[in-house]
2 protein chains.
Amino acid sequence: MIGEKIRVGLVLFPELTQLDLTAPAEVFGRIPGAEIHLLWKTLDPVSSDRGLRILPTTTFAECPELDVICVPGGPGQIELMDDEITLQFLRTAAAHCKLVTSVCTGSLILAAAGLLAGYRATCHWSSIDQLSLLGVEPIHERVVRDRNRITGAGVTSGIDFALTVAADLVGHQIAQEIQLQMEYDPAPPYQAGSPRTAPPALTEAIRQKNATFIEQRRSATKRAAEHLANTLE
Amino acid sequence: MIGEKIRVGLVLFPELTQLDLTAPAEVFGRIPGAEIHLLWKTLDPVSSDRGLRILPTTTFAECPELDVICVPGGPGQIELMDDEITLQFLRTAAAHCKLVTSVCTGSLILAAAGLLAGYRATCHWSSIDQLSLLGVEPIHERVVRDRNRITGAGVTSGIDFALTVAADLVGHQIAQEIQLQMEYDPAPPYQAGSPRTAPPALTEAIRQKNATFIEQRRSATKRAAEHLANTLE
């Protein structure tokens, strides 16, 4: 798609985890010819889960046909699991997209819209098991591709995810240029970025700390699964 | 500092590279007791180099005493190199700070304010050599600490940088929790994140593509160096 305009839309919803969106937006914004749309119902500032406020650029109603749709995650994802305006927007947008994508718990939103049924996908480690409730095969990898669906795992995986998407859109050469421009040569200070590598006691402590919240998320996922089953009947 | 309020200020200036700010903001926002201030001259939306608009929370004039000041980088850094309002704000804020920090070419701004003279520091790989013009010892590492100065290299190094800052503020245990919550277990798709690892032809191509811009930056650095020398006389 080099030389053509590439329209990328990222859903900017209240109480999102801002880095789920801002990291891919930084990568996508460096793709030659990319036109980035930050999408929400209105153009009012949207506040992240920790209070960083970002301005949408385009409403759902005004959104042009997109080449890529990307749904980030974060606590506000729970509200969207039965938000028919958002889910219907995603279904309509995805129908025209070359790539239908998500970061973190954004995959649960795509799944609630019925857009991942029968696909392999990933999600934040704390919630990836919930994908199976929505007919999605959970894959414990950082970036998962299945046909035209590309999903990233938790938060910071949005960088690896977006470079993968960039490579798909404009090739390995430009994706590598973007990686070098962004000096993406990570040096994490600890072996603690995944339950696979973190001290088990650390993972268990976080699981316990988040247990109530994860159960709220699970209830929303179950309701979405019921709704999806009724819709498909 | 666990249990106390920790005030962290990030400078949100026009034409910044948004990920230089949003990645550390995501980490800092997860520090228990942290109060995050996005600082600029006014509260109007600030547009990044690629058009993402973020709202400041606090003006320079209204800024409380901070525990940490963090200056991101990006093309708009050039404008700030002789912006006495910003430089004076940084000097005043830094005087009270436990940690004086930057990401990417933000270190050139700190240096222009005279806040890195005689210190070791890092910067984006394309511009790190310019630090020496401002009396700073350039260190080609991803995160560099010298006394109470902590600087990060280009763009994505803001994650490694911010986890290092978090560890300094609240200890290794909480920094590791944040790393796990953010699933920071990077898997870059290419060996292309640094001139050290990237194919030399790729680095050279980017150097040539950016040559004019880097020379603009160098001119601003030289002017800042002259101004700094006059101020210190």
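For the structure, check the block above.
Described below are features of the structure shown in this document. (Residues numbered from 1 in each chain as written. Chains lettered and ligands numbered in written order. Predicted model: local features only at pLDDT ≥ 70, side-chain atom pairs only at ≥ 80, totals over all residues. Heavy atoms only, no water.)

1. Focus: the relation of the copies chain B and chain A
Inference 1: Taken as rigid bodies, chain B and chain A are interconverted by a rotation of 180° and an axial shift of 0.0 Å, the fit giving an RMSD of 0.0 Å. This pairing of chains is accounted for by a two-fold axis. Residue I54(B) of chain B places its C-alpha closer to the rotation axis than any other residue of that unit, at 2.3 Å.
Inference 2: Here 100% of the contact residues of chain B are again contact residues in chain A; the copies associate through an equivalent surface. (Least-squares fit on C-alpha atoms with pLDDT ≥ 70 in both. Contact = heavy atoms within 4.5 Å.)

2. So, the sheet that holds strand β6 (residues 68-71) of chain B
Residues and elements named next belong to chain B.
Inference 1: Ordered by their spatial adjacency, 7 strands build an open sheet running β5-β2-β1-β6-β7-β11-β10, and the pairing between neighbours is mixed. Each end of this open sheet is capped by a strand with a single partner; those strands are β5 (58-59) and β10 (143-146).
Inference 2: Bridging between strand β2 (residues 34-40) and β5 involves 2 bridges; their strand directions are parallel. Looking at the pairing, L39 lines up with T58 of β5.
Inference 3: Sheet strands touched by helix α1 (residues 18-28): β1 (6-11), β2, β6 and β7 (99-103). Its angle to β1, the strand with the most contacts, is close to 170°.
Inference 4: Packing against the sheet, helix α5 (residues 157-170) makes contact with β1, β6, β7, β10 and β11 (149-152), and its axis sits at approximately 165° to β7. (Pairing = 2+ DSSP bridges. Helix = DSSP H or I, 4+ residues; strand = E, 2+ residues; numbered from the N terminus. Axes fitted to C-alpha atoms, helices over the stretch in contact; angles between N-to-C directions.)

3. Observations regarding the packing of aromatic side chains
Inference 1: Taken as a whole and judged by the stated rule, the model has 6 aromatic pairs over all chains.
Inference 2: Aromatic pair W40(B) and F60(B): ring centres 5.6 Å apart, planes at 75°, arrangement edge-to-face. Note that W40(B) is positioned in strand β2 and F60(B) in the loop between β5 and β6, a separation of 20 residues in sequence. Each member of the pair, W40(B) together with F60(B), is buried.
Inference 3: Within the aromatic cluster, the residues linked to one another by ring pairs are W40(A), F60(A) and F89(A).
Inference 4: Cation over ring: R147(A) sits above Y119(A), and NZ or CZ is 4.1 Å from the ring centre. (Phe/Tyr/Trp six-rings, centres within 6.5 Å; stacked < 30°, edge-to-face > 60°. Buried < 20%, exposed > 50% of the residue type's maximum accessible area, 1.4 Å probe, protein only. Lys NZ or Arg CZ within 6 Å of the ring centre and 35° of its normal.)

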